[in-house]
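Single-letter residue listing:
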Amino acid sequence: MPRHALMVLVSVSFLTLIACSPADNTVPAEPAEYAVVDGWVRKPLGGRDVTAGFITLTAGAPGGQLVAAETAEAEHVEIHTVIKQGDVMRMRPIKAVDIPPAAAVSLAPGGDHLMIFGVKAKDLADGEMALTLAFADGETLSVTLPVRDTAPDLHNTHGGYNGHP
Ligand SMILES: [Cu+2]
């Protein structure tokens, strides 16, 4: 008598593959509170109309994302990062900079920065630049940064950004 193979039907419920949605959050999420705690704009090198801005940002408990910046004092602003290709450091536009929850992120020389194109008053002689930062949640923040030839000496910075170089 031939033995019959036992046929096992395996029923896969595809419903089990649907990820569960998180339960509705009945506690309203704390909104991000954006602040620029430090920052400066590099004085454009002689005759050039392109320069860079550097900021240290916080977004409060939930964190956030910087997605854009603009200024009336230049044609447009991009967010750039710096990547190493071989021995060469190259700048690349990026869509956003993450601001971690309850911590600061720094856009600093050698790393992420605001690339400022078409500076209108080429030497930014008034010594400052007003920028408006835009975040992924639709919030904006206006900030006036000092214009400097070089980075501030961070070792001498004991307080928060006070708006003056
Ligand atoms: Cu750049």
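All residue numbers refer to position in the chain's written sequence, counted from 1. In keeping with the model being predicted, local features are shown solely for residues with a pLDDT of at least 70 and side-chain atom pairs are shown and tallied solely at 80 or more, while totals for entire chains, interfaces and linings include all residues.

### Quick look at the overall build of the protein chain
Part 1 of the argument: For the protein chain, the count of helices and strands is zero helices and 10 strands.
Part 2 of the argument: For helices the rule is a DSSP run of H or I covering at least 4 residues; for strands it is a run of E covering at least 2, with both sets numbered from the N terminus onward. Going from N to C terminus, the protein chain has its helices and strands arranged as β-β-β-β-β-β-β-β-β-β.
Part 3 of the argument: Think of it as a crowd count around each C-beta: if 20 or more other C-beta atoms lie within 10 Å the residue is buried, if 12 or fewer it is exposed, and in between it is partly exposed, with C-beta placed from the backbone throughout. Per-residue burial over the protein chain gives 21% buried out of 165 residues.
Part 4 of the argument: Placing a C-beta atom from the backbone of each residue, one calls two residues in contact when those atoms lie within 7 Å. When contacts within the protein chain are restricted to residue pairs at least 6 apart in sequence, long-range pairs at least 24 apart make up 67% of them.

### Some details on the environment of threonine 150
Part 1 of the argument: Looking at where threonine 150 falls in the secondary structure, it is placed in the segment after strand S10 (140-148).
Part 2 of the argument: The sequence separation of threonine 150 and arginine 42 amounts to 108 residues, and the corresponding C-alpha distance is 6.6 Å.

### Observations concerning the nonpolar core
Part 1 of the argument: Counting residues in hydrophobic clusters, the biggest one holds 29 residues, and the most contacted among them are Val41, Leu57 and Leu66.
Part 2 of the argument: Elements represented by at least two residues in this core include exactly strand S1 (35-42), strand S2 (51-58), strand S3 (64-70), strand S4 (76-85), strand S6 (97-99), strand S8 (113-117), strand S9 (128-135) and S10.
Part 3 of the argument: In terms of residue count, S9 provides more of this core than any other element does, four residues in total.
Part 4 of the argument: Apart from residues no more than four positions distant in its own chain, leucine 57 is found in contact with Tyr34, Val36, Leu66, Ile99, Ala104 and Val105. What we call a nonpolar core is a set of buried Ala, Val, Leu, Ile, Met, Phe, Trp, Tyr and Cys residues whose membership is set by joining through C-beta atoms within 7 Å.

### Some thoughts on the confidence of the model for the protein chain
Part 1 of the argument: Mean pLDDT over the protein chain stands at 82; residues scoring 70 or higher make up 75%.
Part 2 of the argument: In the predicted structure, residues 155-165 sits below a pLDDT of 50 and forms 10 contacts with residues beyond four places in sequence or in another chain. The predictor attaches a confidence to each residue, and that confidence, scored 0 to 100, is pLDDT.

### Overview of the pairing of strand S5 (residues 88-93)
Part 1 of the argument: Where burial is concerned, little of S5 is hidden: zero out of the six residues are buried.
Part 2 of the argument: At least two bridges found by DSSP between two strands is the condition for calling them paired. As paired strands, S4 and S5 are joined by six bridges and run antiparallel to one another. The partner of isoleucine 83 across the bridge, within S5, is arginine 90.
Part 3 of the argument: Counted between consecutive antiparallel strands, the loop separating S4 from S5 contains two residues, among which glycine 86 sits at a positive phi close to 65 degrees.

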